[in-house]
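The primary structure of each chain is shown beneath.
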Amino acid sequence: EVQLVESGGGLVQPGGSLRLSCAASGFTFSNYAMTWVRQAPGKGLEWVSTINTGGSTSYTDSVKGRFTISRDNAKNTLYLQMNSLKPEDTAVYSCAKSKVGGCAGYGCYRLRDYWGQGTQVTVSS
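Before going into details, it helps to say that this report is about the structure given with it. Everything numeric here is computed off the predicted structure, so don't read it as measured data.

With respect to the state of the cysteines
Here comes step 1: In this structure the tally under the stated criterion is 2 disulfides.
Here comes step 2: The residue that forms a disulfide with Cys 22 is Cys 95, at a sulfur-sulfur distance of 2.0 Å. Its S-S torsion of about 60° marks the bond between Cys 22 and Cys 95 as right-handed, since a negative value means left-handed. Linking Cys 22 in strand β3 (residues 18-25) with Cys 95 in strand β9 (residues 91-98), this pair joins segments that are 73 residues apart in sequence. Per residue, the accessibility class of Cys 22 equals that of Cys 95, and both read buried.

A word on the nonpolar core
When a protein is soluble and globular, its nonpolar side chains tend to lie buried together.
Here comes step 1: Core analysis: the largest hydrophobic core is formed by 27 residues, its most contacted members being Met 34, Trp 36, Phe 67, Leu 78, Leu 80, Met 82 and Tyr 93.
Here comes step 2: Among the elements that make up this core, the one with the highest residue count is β3 (4 residues).
Here comes step 3: Ignoring sequence-local partners within four residues, the contact set of Leu 80 consists of Leu 18, Arg 19, Leu 20, Trp 36, Val 48, Ser 49, Phe 67, Thr 68, Ile 69 and Tyr 93.

Cut-offs and rules
Residues numbered from 1 in each chain as written. Predicted model: local features only at pLDDT ≥ 70, side-chain atom pairs only at ≥ 80, totals over all residues. Heavy atoms only, no water. Disulfide = S-S within 2.5 Å. Helix = DSSP H or I, 4+ residues; strand = E, 2+ residues; numbered from the N terminus. Buried < 20%, exposed > 50% of the residue type's maximum accessible area, 1.4 Å probe, protein only. Core = buried A, V, L, I, M, F, W, Y, C linked by side-chain atoms within 4.5 Å. Contact = heavy atoms within 4.5 Å.

Listed below in structure tokens is the structure:
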């Protein structure tokens with residue numbers, strides 16, 4: 001059974017940092033691209049970032065230069081380092097597994113087949 005469990009969310013002041021983790025199980029983690037998505041209150045799902053099996057990364061424009069996605073295949077864990085956080089980053093952040101490993105960016109998001117419950121990130125003073 002595929003399981004994706006996010007952690008690391010919380011309340012942070014504008015300009016602060018958080019590191020999200022996504023613990024994966026039930027599949028061969030290193031074989032698949034992984035994606036972070038988010039959903040702000042009252043809004044739809046938004047693609048945030050993707051890392052494929054080759055280590056190539058992609059980001060939505062609003063987080064470029066502030067967020068860094070990474071993966072540790074030995075630990076079956078996906079990360080999202082978020083710096084210089086803004087109130088508009090407030091959302092539930094979830095990780096998603098893609099159906100393939102060699103996709104790129106938004107294409108991996110469109111090919112998602114499993115995702116976790118998410119972790120709340122609130123940026124507020």
